[in-house]
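Per-entry structural report
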Amino acid sequence: MQSNDEPEIGGSGGMGVEFRQLLDDSPVANYLCDAQGKLTYFNKAAVKLWGRTPTLGKEYWCGSWKMFYPDGKPMPLEEIPIAKVLKKGCREESSEIRIECPDGSLKFLLVFPKSIFGKEGGLQGVHSTLVDITDQKRDHIKKETLSAIVQSSDDAIVSKNLQGIIASWNRGAQEIFGYTEEEVVGRSITLLIPEDRLNEEDVILDKIKRGIKIDHFETIRKHKSGREIPVSITVSPVKDSGGNIVGASKVARDITARIESQAAMKKYIRNLETLNTVGKSISENLNVEGILQRVTDATTSLTGAAFGAFFYNNCDDKGNTFQLFTLSGAPREIFDHMAMPRHTDLFLPTFRDRKVVRIDDVTKHGDFAKNAPYNGMPKGHFSVVSYLAIPVISKNGNVIGGLLYGHPEAGKFTAEHELLVINIAAQAAVSLDNSKLFEQVKSLSEKKDEFIALASHELKTPLTTIKGYLQVLSKKKADKVSQLFLDKSLCQVDKLNTLVEDLLNMSRIESGQLNFNLEVFDIREMLKEIVETFSYSSQSHRVTATLWNDAVIIEGDKQRIEQAILNLMTNAIKYSPKADEIFVDLEVVGENMVVKVRDMGIGLTEEQQRQLFTRFYRAEDTQGISGLGLGLYLTKQIIDRHGGSIEVASEYGMGSEFSLILPLAVQKFKKVNAI
Ligand code: ADP
């Protein structure tokens, strides 16, 4: 019996015992077949190689039944070397085969079959020796694969010795650096290093000698043509079988595309940022000059132009000139001694026909460059070779002006620049339209303010005179009807006076001329008097007052504060036509006093409450109730300027409550002392 790990040996093959023992233990696989190819003997090494134990006397040709040519194609039975020998009756040359063992492993074998002849010379069988070359074969395949990988790599893979002399050079290296293998092998790697970076090689070699790998080092190397190439290199030490560092392998990747795309991305982000800030600043800016300067600066920087300018389109068909408005990148004096651009072929398309003009080399521009006397340019004009002009077109289709850019080198402006400027120009045009409108509205509004100030001032004098005469007349004895008419006239003159006074006050506020005469007084006393006067004068409403028990001292302009309270009370009565009572409260809350005026009138919607304090605002449902919409505006201005505030609480159709809040005088003094 054989042990489990000892392969079984089969047959004698007709050999003598001694010879057989020798073969049994031989490390080389051996087996025998008879003249019919039937297996008559195999040794331990053969069993190990086949990975199985064949059955003697039953199996033919070989102990393996899955055989292939070295390239992996299946090998037909008659092609098995031993079969061929038996068929030919002569010794076969050694041949290489591949077998698959029962466990699925593949082996490469060299087969040496040899015919065995009997004493009479007849063929008795075949002796075959099998040599396992799997390991060598694998090494060979590995090397071939590695070499194929190195060759097919797009990266440059180069090996060099410790003196920096190039030992191998792949296709990638040839493509990146332009040298063939023959041109560089045996030469120093410094061939690829720009002069100002030669010291890098010393540093690299020093590290390699110390066994240190250099990973993804980004630097510049030189192409055969002298062109510089940005590369990322990884250099690793190469060791011999004894572990000694004998050289270095270097993998270099051309990172031009990456650097370019990074730069493009950076540029793109920068452009976006500029676009964003320009867009924001031109939409926020309502001043024409500000918008145009911002646009000219930003687009000059975006296009990389040497100078950029905005020209107003002041030209008419008779040839009047365009007017320079803003300039960026060049001192304005340059244009001082120069005539403005004329009606030339270069400018007209932009200013007259709304065309974008982009020319790589304006000095070669057909008609324009021939223009006398200075090839299209005025004398002393700084050099413009690249030229870009974008019209700024108003909403109504008119060309407001043109953005012009120049650069002394050719081909500086791209389609991308053109698009960027067109976009900004479109935004600028909208803003310019808006700013024009704004300026118009502003000037109209200023004119209106001037008119109001003048008119109210002019009205004031005759009104005072009329009131004077009416007062004199009303003191004279008159019949009842005349007296009634006189009273009514006086009442209307008072109303007119209040209106004119409101208008005057508004003008004073707008022009910053509303002055206050500050004094310390008891607002409770003031309120008592107001309530009393109202109780006599108002025929329609009762005034119910709840006033603070103590004096409430504040500091302010007595007359203006009284005016503010009167406004609120008049409104409360005016806007509660169906009610017969209004309420006035005075209380002290913390460090403030609060005067509340409440009515049960028409009330206000939330939207109306928001607009209430703007001048000339009147709610939609005030028809039939006289007023200018100035009272609350003036009230708020007066209270704000006293460091107080005004609040409104109202429910539509139910009534309103207005609260005036002012700091108490004690509080004010405390603060002053504290400072
Ligand atoms: P005027 O009373 O001259 O119109 P105001 O500035 O005093 O101007 O008031 C502005 C508008 O606020 C009024 O036109 C009115 O629509 C609304 N308003 C003011 N007070 C009240 C109130 N107590 N109740 C309802 N609406 C009011």
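Use the structure listed above.
Computed from a prediction, not measured in an experiment: that's the story for all the values here. (Residues numbered from 1 in each chain as written. Predicted model: local features only at pLDDT ≥ 70, side-chain atom pairs only at ≥ 80, totals over all residues. Heavy atoms only, no water.)

As for the environment of Ile554
- Note on placement: Ile554 falls in strand β19 (residues 553-557).
- For the pair Ile554 and Glu519, spaced 35 residues apart in the sequence, the C-alpha separation amounts to 8.3 Å.
- In this structure Ile554 touches Glu519, Val520, Phe521, Ile523, Ile561, Met593, Leu662, Pro663, Leu664 and Ala665, once residues within four positions along its chain are discounted. (Helix = DSSP H or I, 4+ residues; strand = E, 2+ residues; numbered from the N terminus. Contact = heavy atoms within 4.5 Å.)

What to know about the site of the ligand
- Around the ligand, a shell composed of 20 residues is seen, among which Asn571, Tyr575, Asp599, Arg618 and Leu632 lie nearest.
- The contact in question runs from a nitrogen atom of the ligand to an N or O atom on the side chain of Asp599, over 2.9 Å.
- Gly629 is positioned such that a nitrogen or oxygen atom in its backbone is 3.1 Å from an oxygen atom of the ligand.
- Contact with the protein chains hides 97% of the accessible area of the ligand, taken as 530 Å² for the molecule alone.
- Counting residues per element, the ones that place at least two in the shell around the ligand are α15 (558-574), α17 (631-640) and β23 (655-663). (Near = heavy atom within 4 Å. Polar contact = N/O pair within 3.5 Å; in protein donor to acceptor, adjacent residues only side chain to side chain. Areas by Shrake-Rupley, 256 points an atom, 1.4 Å probe, with all protein chains shown as cover.)

Let's talk about the packing of α15 against α17
- Close contact between α15 and α17 brings their axes to 9 Å; oriented N to C, the two are set at 145 degrees. Between α15 and α17 the crossing geometry is left-handed. Facing Arg560, Ile561, Gln563, Ala564, Asn567, Leu568 and Asn571 of α15, the residues of α17 in contact are Gly631, Leu632, Leu634, Thr635, Ile638 and Ile639.
- Of the residues in the contact of α15 with α17, the class split is 7 nonpolar, 5 polar and 1 charged. (Axes fitted to C-alpha atoms, helices over the stretch in contact; angles between N-to-C directions. Left-handed = near helix turned anticlockwise from the far one by under 90°. Nonpolar A, V, L, I, M, F, W, Y, C, P; charged D, E, K, R; others polar.)

Here's the deal with helix α14 (residues 523-537)
- When the terminal C-alpha atoms of α14 are compared, their 21 Å separation across 15 residues agrees well with the 21 Å that a helix rising 1.5 Å per residue should span.
- Considered for burial, the residues of α14 that qualify are Ile523, Arg524, Met526, Leu527, Ile530, Val531 and Phe534. All buried residues of α14 fall inside an arc of 150 degrees around its axis, so they share one side. Among the exposed residues of α14, those pointing more than 90 degrees away from its buried face are Glu529 and Tyr536.
- Check the buried side of α14 and you find it contacts β17 (518-522), β18 (542-546), β19, α15, β20 (581-589) and β21 (592-598). (Expected span 1.5 Å × (residues − 1). Buried < 20%, exposed > 50% of the residue type's maximum accessible area, 1.4 Å probe, protein only. Arc of directions from axis to C-beta.)

Re the pattern of salt bridges
- Tallied over the entire structure, the rule returns 32 salt bridges.
- Between Glu200 and Arg221 there is a salt bridge whose closest N-O contact spans 2.9 Å. A residue pair is termed long-range when its members are at least 10 positions apart, and Glu200 in helix α7 (residues 199-209) and Arg221 in strand β9 (residues 214-222) qualify at 21 residues. Arg221 shares its class with Glu200; the two are buried.
- Bridged by salt links that share partners, the residues Asp154, Arg171 and Glu175 form one connected network. (Salt bridge = Lys/Arg side-chain N within 4 Å of Asp/Glu carboxyl O.)

It is worth stressing that arrangement in space is one thing and function is another; only the former is reported here.
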